[in-house]
Amino acid sequence: MQFPESWLREFCNPPLNTTQLSDTLTMAGLEVEELKPVAPPFSHIVVGEIKEAVQHPNADRLRVCQVDVGQAAPLTIVCGAPNARAGIKVPCALVGAELPPGEDGQPFLIKVGKLRGVESFGMLCSARELKLSEDHGGLLELSPDAQVGQDIRQHLNLDDTLLTLKLTPNLAHCLSVYGVAREVSALTGAPLAAPTFPVTSVTTEEVLPVKVSAPDLCGRFSGRVVRGINPRATTPGWMVERLARCGQRSVTALVDISNYVMFELGRPSHIFDLDKIHGGLDVRWGQVEEQLKLLNGNTITVDAQVGVIADDVQVESLAGIMGGDATAVSDETQNIYIEAAFWWPKAIAGRSRRFNFSTDAGHRFERGVDPDLTVEHIERITQLVLEICGTPQTVCGPIDDQQVSMPKPAVVNLRVARASKVLGMPLTQTQCAKALSGLGLPVVEGDGVLSVTPPTYRFDLQIEEDLIEEVARVVGYDNLPATPPQAPITAKVRSEAQRGEFAVRRAVAALGYQETINFSFVDERWERELAGNPNPIKLLNPIASQMSVMRSSLLGSLLQVLKFNQDRKAQRVRVFEMGRVFLRDPSVTSTDTTVKGFDQPMRLAGLAVGASDTLEWGVKERPVDFYDVKGDLEALLAPARLSFVPAQHPAMHPGRCARVVLDGVDVGFVGELHPKWRQSYDLNQAPVMFEMDLATVLRREVPRAQVVAKFQSVERDIAVLVDEKVTHDALMQAIWAAPVNGLLRDAVLFDIYRPKPSLDGVAPTAEKSMAVRLTLNAQDAALTETQIDSAVAAVVASLVAQVGARQRA
């Protein structure tokens, strides 16, 4: 919220300068986001009156003006503004004046100069030249009653500051200048000038029939008929100025009056053209397919969840948010109906966002506006209407005030001991009572307990902690002691058998992958297609329609990253993500870190596509394949031995997918993207992907020291014929299962041979030859030939027994 400091000081003028006032508000929870001067510094600019303006003898677009600036004789000033004419009063920069810096950043110094042969002793200024606005269509015309020779800063009140407050939702009572002044008075002890509301004389008994059909929408509705106003009246300059400094442009006098009272007292109101209302008004919930054209030109369709004000024919206003175009005031309006109401915050909250716009009125009503002062505020609006738009024919009706469902304030108790404990500082009952009383809260003191009945404008005071916050704001957050924690702090030491998440990130990055961070909210389509999850966890209030469910897999997010990069011609993409997934699990109970019914494990997923390595001259380029990514996983979890078992996964190619198994437990999947998803997601290459349980990746074997062998190792090669279906993993398991008394140190597959078809067309048998190099060694002595032959025989026997191998001759 933005407003000028001078307006605030009319209600409460504490003995503080602007900076001190700003600091006081900020430390009380009303954060001053920006302090901005109304005008930049300049001097020697006064109010001047053009007495004469004649055509320049040597220039068509220039005029020679005689300007009275309060000196002994008028000044001759050459001016090129199109509106320079006799009789107007304008800002006049005298010789020696320094105007605000221009586009070059340098201040503009006024000197005596000649323009086309005529000497000029000053400069007549536009609003843009004074940096007051961007209007440069001509001279800034001042009010006729401006005092000639008066400093322009004094006349326009330019030595003022604009305060911009960043208010939290619980400070709705500060969404007005008077509301902020009320806080300043409580914080500084300066007197508060409360506004008065003189009662307007009733000169007609006319009342517009109003029916409140929805008490859960509108708790109080007040209105008054005013006839015979002048709609073309000019808004006074002081009101235009204050509205502009609040960030609101002037529209018409009637609209300006409504906006002015909103900024002044915090109550949005609406002025209807009385002659455009058909019959009476009905305050109710909308009906399905009802339409309303708003003041902003939009036509919306309402439903039973949106409040409206309707007449006997159509909907006329969006309750508490914006008026309708059909009953808007115009230059032809003669008779008006002034409305001020109390709308229940829950009935207004979120409604304007449904139609993709927001208003000052909706912003205030959805946070809560005082229901007790609707009549007083109508009196204030009526007073301004009569002063600005009144005519001898103007008549005012009585205020029709309907209170159908008023809020009932509940007493809130504050325990002084509790307040001291929460704030961490000693407080007395007198201090707390004084702080709350200073805020205008009625306090009843008991034995260590204060009972407060919140005033009607304080919708935020509902529980004890709310009162504790009020005490803290008045005492000052900067006065709270900085108390160090008393509990012992012990560093959590990670087990040696586990590595940290950042160590895993660095390890994956060292394998050539780049980390990505994605939303946990994903498209429901990803869950159905890529995770095989028909019942994902849905969000109650998604930030976007394509982010409506919680992910149970990281693969969809990585495919989105791949698509984004491939659309930008990236040929080689290797990315990974470490993040949380969300699964339904009835066995999970609620704790400090878990939610009942939902499991939230961490996963590690990666994706690779394009060339297997960066381009270089010594190696032929080839595309990445399943075995490259499989090797990355083996390197990541080394020295643990992984097994890869053919499997099925909704996102992966049915013939190029494997389960990752460690110590007999499934820990993840690796495989190529399914062809139908590659086509569906419009990818030019099929990536190879993996997804692992992070807890498994974090585990590691603790290194153990071993004696270096003193004796030379022995290598033996064996070749066996096995069925085509026998995998490398099965072969190695059979070799390591052989009873060799600890002599086997290593086993490496170095050759696979498959017979070719014979020349006569006879197909080869469904067998393959696999050659393995065994490394044997003993710690205590050099191996004998007998020991070596016995170990090799044991390995061959194990292969025969477990995979049906036959040793090649």
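Since this is a predicted model, take the numbers as computed values, not measurements.

What counts and what doesn't
Residues numbered from 1 in each chain as written. Predicted model: local features only at pLDDT ≥ 70, side-chain atom pairs only at ≥ 80, totals over all residues. Heavy atoms only, no water. Helix = DSSP H or I, 4+ residues; strand = E, 2+ residues; numbered from the N terminus. Buried < 20%, exposed > 50% of the residue type's maximum accessible area, 1.4 Å probe, protein only. Contact = heavy atoms within 4.5 Å. Areas by Shrake-Rupley, 256 points an atom, 1.4 Å probe, with all protein chains shown as cover. Lys, Arg positive; Asp, Glu negative; His and termini not counted. Charge placed at Lys NZ, Arg CZ, Asp CG, Glu CD. Phe/Tyr/Trp six-rings, centres within 6.5 Å; stacked < 30°, edge-to-face > 60°. Pairing = 2+ DSSP bridges. Axes fitted to C-alpha atoms, helices over the stretch in contact; angles between N-to-C directions. Polar contact = N/O pair within 3.5 Å; in protein donor to acceptor, adjacent residues only side chain to side chain. Salt bridge = Lys/Arg side-chain N within 4 Å of Asp/Glu carboxyl O. Core = buried A, V, L, I, M, F, W, Y, C linked by side-chain atoms within 4.5 Å. Disulfide = S-S within 2.5 Å. Parallel < 35°, antiparallel > 145°, perpendicular 65-115°, else oblique. Nonpolar A, V, L, I, M, F, W, Y, C, P; charged D, E, K, R; others polar.

Undergrad: Help me out: how do you make sense of the overall build of the protein chain in this one?
TA: Tallying secondary structure elements over the protein chain gives 21 helices and 42 strands in all. With the C-alpha coordinates of the protein chain rotated into their principal frame, the extents come out at 125 × 80 × 60 Å. When the 809 residues of the protein chain are sorted by exposure, 47% land in the buried category. Here the analysis covers contacts within the protein chain between residues at least 6 apart in sequence; of these, 69% occur between residues at least 24 apart. With an accessible surface of roughly 41400 Å², the protein chain has 52% of that area assigned to carbon and sulfur atoms. The averaged location of the 98 negative side-chain charges in the protein chain is 6 Å from the averaged location of its 80 positive side-chain charges.

Undergrad: How should the packing of aromatic side chains be read in this particular structure?
TA: Any pair of aromatic rings gets described here by the distance separating the centres and the angle formed by the planes. Enumeration over the complete set of coordinates arrives at nine aromatic pairs. Taking the centre distance of 4.9 Å and the plane angle of 15° together, the rings of W7 and Y260 count as stacked. Note that W7 is positioned in helix α1 (residues 5–11) and Y260 in helix α6 (residues 253–265), a separation of 253 residues in sequence. Classification of W7 by relative accessible area gives buried; the value is 1%. Judged by its relative accessible area of 2%, Y260 is buried. Summarising the aromatic geometry, the rings of F342 and W344 are spaced 5.1 Å apart at their centres and angled 65° between planes, so their arrangement reads as edge-to-face. A relative accessible area of 23% places W344 in the partly exposed class. An aromatic cluster of three or more residues is present, and its members are W7, W238 and Y260.

Undergrad: In this structure, what is going on with the sheet that holds strand β2 (residues 31–37)? I would like to understand it.
TA: Neighbouring strands of a sheet are bound in pairs by backbone hydrogen bonds; such pairs are parallel or else antiparallel. Read from one edge to the other, the open sheet built from three strands follows the order β1-β11-β2, with strand pairing classed as antiparallel. Sheet topology places β1 (2–4) and β2 at the edges, where each strand pairs with a single neighbour. Recorded for the sheet is a direction-independent mean angle of 25° between the axes of neighbouring strands. As paired strands, β2 and strand β11 (residues 161–166) are joined by six bridges and run antiparallel to one another. When the sheet's bridge partners are listed, L35 is paired in β11 with L163.

Undergrad: Would you mind going over the side chain of E49 with me for this structure?
TA: Residue position: E49 is located in strand β3 (residues 43–55). Relative accessible area serves as the criterion here: at 17%, E49 is assigned to the buried category. Ignoring sequence-local partners within four residues, the contact set of E49 consists of Q66, V67, D68, G87, I88, K89 and V148.

Undergrad: Would you take a moment to explain the environment of R580 for this structure?
TA: In this structure, R580 sits in strand β31 (residues 573–580). Within the structure, R580 has its side chain in polar contact with the backbone oxygen of Q600 (distance 2.6 Å).

Undergrad: Before we go on, may I ask you to explain the environment of E445 in this structure?
TA: Along the chain, the position of E445 falls in strand β25 (residues 443–445). In contact with E445, other than residues within four places in its own chain, are Q429, A433 and L450.

Undergrad: Help me out: how do you make sense of the pattern of salt bridges in this one?
TA: As a working rule, side chains carrying opposite charge can pair if their charged atoms are close by. In the structure shown here, the tally under the stated rule is 41 salt bridges. Of the charged contacts in the structure, one is a salt bridge between R224 and E379, with a shortest N-O distance of 3.3 Å. One end of the pair, R224, is in strand β13 (residues 218–227); the other, E379, is in helix α10 (residues 374–389), and 155 residues separate them in sequence. As a salt-bridge pair, R656 and E672 come within 3.1 Å of each other at their nearest N and O atoms. One end of the pair, R656, is in strand β36 (residues 652–662); the other, E672, is in strand β37 (residues 665–673), and 16 residues separate them in sequence. Using a relative accessible area of 18% as the deciding quantity, one classes E672 as buried. Each of the salt bridges in this network shares a partner with another, and the network as a whole consists of E183, R458, D460, E470 and R473.

Undergrad: Can you help me understand the sheet that holds strand β29 (residues 537–538) in this one?
TA: Read from one edge of the open sheet, three strands run β28-β30-β29, paired in antiparallel fashion. Where the open sheet ends on each side, the last strands, each with one partner, are β28 (521–522) and β29. Bridge count between β29 and strand β30 (residues 549–550): two bridges; the pairing is antiparallel. Bridging across to β30, K538 finds its partner in V549.

Undergrad: Even after reading the chapter, I still don't get the environment of D360, so can you show me in this structure?
TA: Residue position: D360 is located in helix α9 (residues 360–365). The exposure class of D360 is partly exposed, given its relative accessible area of 35%. Once the C-alpha coordinates of D360 and A801 are considered, the two residues, 441 residues apart in sequence, prove to be 83 Å apart. Residues within four places of D360 in sequence aside, it is in contact with Q248, M262 and F263.

Undergrad: Sorry if this is basic, but what is going on with the nonpolar core here?
TA: Within soluble globular proteins, side chains that are nonpolar generally end up buried alongside one another. By size, the foremost hydrophobic cluster in this structure holds 45 residues, and its most contacted members are L25, V180, I336, V385 and C389. Every element with two or more residues in this core is listed here: α1, α2 (18–27), β11, α4 (177–188), α5 (237–245), α6, β21 (335–343) and α10. Counting residues per element, this core draws most heavily on α6, which supplies eight residues. Leave out the neighbours within four places in its chain, and L25 touches L30, E31, V32, L163, L165, V180 and V184. If you look at the next biggest cluster of nonpolar residues, it comprises 36 residues, including C218, V302, I309 and A361.

Undergrad: I tried to follow the state of the cysteines on my own but got confused; where do I start?
TA: Here is the idea: a disulfide is a covalent bond, and it sits between the sulfur atoms of two cysteines. Tallying each qualifying case throughout the model produces zero disulfides. Left unpaired, C65 is separated from the closest cysteine sulfur, that of C79, by 5.3 Å.

Undergrad: How should I be thinking about the pairing of strand β4 (residues 63–68) in this particular structure?
TA: Two faces make up the sheet, and in a regular strand the side chains alternate between them. In this sheet, β4 lies alongside β3 in antiparallel orientation, the contact comprising six bridges. Residue E52 lies in a different strand from β4, and its bridge partner there is Q66. Direction of pairing for β4 relative to strand β5 (residues 75–79): antiparallel, over a ladder of five bridges. Counted as the bridge partner of C65 is I77 from β5. Here β4 hands over to β5 after six residues, with G70 in that stretch at a positive phi of 85°.

Undergrad: Where do I start with the packing of helix α12 (residues 429–438) against helix α13 (residues 464–475) in this structure?
TA: When two helices pack together, their arrangement is given by the angle between their axes and by how far apart the axes lie. Interhelical geometry of α12 versus α13 gives an angle of 90° and a closest axis separation of 9 Å. Relative to α13, the element α12 lies roughly perpendicular. Of the residues in α13, those touching α12 at C432, A435 and L436 are L467, E470, V471 and V474. Across the contact of α12 with α13, the residue classes tally to six nonpolar, no polar and one charged.

Undergrad: When you look at the side chain of E290 in this model, what are you seeing that I'm missing?
TA: Along the polypeptide, E290 turns up in the loop between β15 (281–285) and β16 (291–293). At 2.9 Å, the side chain of E290 and the backbone nitrogen of Q287 are in polar contact. Setting aside anything within four residues of it in sequence, one finds E290 in contact with R284, I300, T301, V302 and V315.

Undergrad: How do you make sense of the pairing of strand β41 (residues 767–776) when you look at a structure like this?
TA: Among the ten residues of β41, eight are classified as buried, and the element is accordingly described as predominantly covered. In terms of strand pairing, strand β39 (residues 714–723) meets β41 through ten bridges, oriented antiparallel. Across the sheet, residue R716 finds its bridge partner in β41, namely L774. When strand β40 (residues 744–753) meets β41, the two strands line up antiparallel, connected through eight bridges. Note on β41: the bridge partner recorded for D751 is A771.

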